[in-house]
Structures are given as structure tokens and as C-alpha cells.
Amino acid sequence: MSKTIAIASGKGGTGKTTFAVNLFAVVDEPVTLIDCDVEEPNCHLFLQTEPEKTERFSVLLPEVNFDKCTGCRRCAEVCRYNAMVVIDKKPMLFEELCHNCGGCARQCPQEAIKEVPKEVATINIATWRDKKFVYGLLDIGQARSSPVIDYLRKNFSNTDDGYTLIDCPPGTACPAVESVRGVDLLVLITEPTPFGINDLELAIKMGKALGLKQAVIVNRADLGAGDVKALCERYDVPIIGEIGFDKEIAKAYSQGKIISDVIESFRNICEGIWQRICELASETEEIKQ
Ligand code: SF4
Ligand code: SF4
């Protein structure tokens, strides 16, 4: 039975990618890592691997045939995202707002709108230590994370016995929601600072709203993890790992190393966390049955 584990955080800079990469490194069974932080992927910087294959990814955008268009405004009326407006009987598309739903094309009474592909991202497929690693990268100036994330998850998740690890975009906006939707376990990385705790609560609420089983890892726990514990107790979310600040870990990180390769104590922590993740993810299966 395959399992999907999302590694996420309410804010950036808490160590999310560090844990995603190091858990990927210590897992001794079939696993695929998908970097869904498509605006700014960085797992590949730690894994230092080149893609074996790349694909261009396109979305469908509406294109108006002005010879057929009567300026009836139906396209603007059906667009829930205000991406299509009609001024002086001329439809005008605001590409950045378009969610590529195709509604305007279907509803146009003159069949004046056709959908045309537009390339917005590159999908990179690599192998790292015999494990599959995939990451998407949005083209500069593009803001369409969600369809790229949807494509990555649908096409590259491990469907055999094994695990899919997802390194999620930070925050709780649409790209983060798209990355965690339907996973077997949402693992939130936090740090015990006022900002960290505030954003952890937002992330827990996102997970609850999506009906996800969750767990928390506290990074830099020696700053005083009391408030994080109180918050997790309030929301009934288990803490499955606490890591204090360690100069050697910081040094290995700053050198771009896989920390679990060079610091045994960190590797042991990651292995322990992975065991808890597997236990919690399998409980999710029992609940589903
Ligand atoms: S719905 Fe079709 S005909 Fe009407 S304004 Fe839009 S493109 Fe033109
Ligand atoms: S494809 Fe959907 S989101 Fe884009 S302009 Fe048409 S109706 Fe709006």
C-alpha cells in the first residue's frame, strides 16, 4: 500500500526542506521525493543531482476570435476569477488571474473562444541513490503553481508499495493546500518563536480543514518548546521530533551537505522520526478502512 507524506510549514525558514531531504536520505525502502515548492524548489541543491529528463508543462488559456465575438459579455459573467473582462464589447484576458477552467470557452454562445496551450514550467525528473526525485520549476514571471503541483502529484506519486514524500511550499495559500490535499500524513516543521507558533497554528487549521492526520517536528527546540507543546495539545497533534540548535548541523547545512550523511546523531533522529511517520501513516489507513 502506498503512502503519501507531506512535509510542510506555516512559514519559510523552519527547516522544512532539510527534513524532507534527510528523511528521503534515511528511508530504506521504495520512496519518491517530489519538490512541490515550484516557485523556489531547492531540494535539488542539497541532492546535487542533474535531471535525467525534463518536460515542459503547459496550461490552457482562452483565446478570443474577434471576428466571431459579438461582445455579449457572457465570458466575463461566467468567470469566477475576474480574469476575463469585456470593455467596449472587446473581451480582455488577465492571464495571471486565469485558473484555466475553460468555463468561458464552453459558455461562449458564438464559439469565439478556443483554449491554447501556454508553457509555464519545467518538470525535472532525476534519480538519487536509486530513488526517484522530481521537481517542478515555474518559468520566471509565472504565478501558476497549483496546476503544476497537481500535475506533479498525479503523475509522479509512488503508486506501488512505497512512499511519496512531498516537500511543500511554505504558508497556507493555494499552492500549500494543493500540495497537502489528501495525503496520509501532514508533517509540520516549526520553531518555537512567536512567528513560528502563529504560523504553525494557521498550518494546523489548514490541515484540520482538509481532514488530514497531522504531526509536528520542532526545530531549534532549545529556544523553549513549551508554547508549541501547549498549541499541539490544544489541537491534539502529536510532536514526533524535537531538535535543538547544533553548530555542527548548521555547518553541514551551510555547506549544502546531506546532514544525515555526516552527523550520526542527526541520522538517528531522522530514522526515529521516520518510524513515527510510518506508524501514524498506517493508522490513517486503518481509519480509512
Ligand atoms: S462570450 Fe464569446 S461572444 Fe460573448 S463577449 Fe465573450 S468571446 Fe465574445
Ligand atoms: S478559463 Fe476560466 S478562469 Fe480563465 S478566463 Fe476563462 S472562465 Fe476565467
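Owing to the predicted nature of the structure, the values given are computational and were not obtained by experimental measurement.

Definitions and cut-offs
- Residues numbered from 1 in each chain as written.
- Chains lettered and ligands numbered in written order.
- Predicted model: local features only at pLDDT ≥ 70, side-chain atom pairs only at ≥ 80, totals over all residues.
- Helix = DSSP H or I, 4+ residues; strand = E, 2+ residues; numbered from the N terminus.
- Buried ≥ 20, exposed ≤ 12 C-beta atoms within 10 Å, placed from the backbone.
- Contact = placed C-beta atoms within 7 Å.
- Pairing = 2+ DSSP bridges.
- Axes fitted to C-alpha atoms, helices over the stretch in contact; angles between N-to-C directions.
- Core = buried A, V, L, I, M, F, W, Y, C linked by C-beta atoms within 7 Å.
- Domains from an automatic or database assignment.
- Near = placed C-beta within 6 Å.
- Nonpolar A, V, L, I, M, F, W, Y, C, P; charged D, E, K, R; others polar.

Our next topic: the overall build of the protein chain. When helices and strands are counted, the protein chain shows 11 helices and 11 strands. Summarising its shape, the C-alpha atoms of the protein chain cover approximately 70 × 45 × 40 Å along the three principal directions. Looking at the protein chain as a whole, 42% of its 289 residues are labelled buried. Restricting to contacts in the protein chain with at least 6 residues of sequence separation, those with at least 24 account for 74%.

A separate point is the sheet that holds strand 3 (residues 53–64). Spatially, the 9 strands line up as an open sheet ordered 3-6-7-2-8-1-9-10-11, and their pairing is mixed. In the strand order of this sheet, the two ends are held by strand 3 and strand 11 (239–243), each with one partner. Between one strand and the next, the sheet's axes are offset by a mean angle of 20°, whatever the strand orientation. Here strand 1 (residues 2–8) pairs with strand 9 (residues 185–190) via 4 bridges, running parallel.

Right, let's talk about the environment of Met 206 for a bit. With respect to the secondary-structure elements, Met 206 resides in helix 7 (residues 194–209). When the C-alpha atoms of Met 206 and Val 180 are compared, they prove to be 9.4 Å apart, with 26 residues separating the residues in sequence. In contact with Met 206, other than residues within four places in its own chain, are Thr 172, Ala 176 and Val 177.

Time to look at the nonpolar core. One finds Ile 5, Ala 6, Ile 7, Leu 165 and Val 187 to be the most contacted residues of the largest nonpolar core, which totals 66 residues. If one sorts the elements of this core by residue count, helix 11 (residues 264–288) sits on top with 8 residues. When neighbours within four sequence positions are excluded, Ile 5 is seen to be in contact with Tyr 163, Leu 165, Val 183, Asp 184, Leu 185, Val 187, Ile 277 and Ala 281. Judged by nonpolar contacts, the second largest core, of 10 residues, contains Cys 75, Cys 104, Ala 112 and Ile 113.

How big an interface is tends to be expressed through the accessible area that disappears when the partners come together. Segmentation of the protein chain into domains returns domain 1 (2–30 + 158–288) and domain 2 (60–119). Placing a centre on the C-alpha atoms of domain 1 and another on those of domain 2 gives a separation of 41 Å.

So, on to unusual backbone geometry. The backbone phi angle of Arg 220 is positive, close to 50°, even though this residue is not glycine. Within the secondary structure, Arg 220 sits in the loop between strand 10 (214–219) and helix 8 (226–235).

Around ligand 2, the surrounding shell holds 14 residues, and the nearest of these are Cys 79, Cys 98, Cys 101, Gly 103 and Cys 104. Here the residues of the shell around ligand 2 sort into 10 nonpolar, 4 polar and no charged.

When you line up the elements, Arg 181 lands in the loop between helix 6 (174–180) and strand 9. For the pair Arg 181 and Arg 220, spaced 39 residues apart in the sequence, the C-alpha separation amounts to 28 Å.

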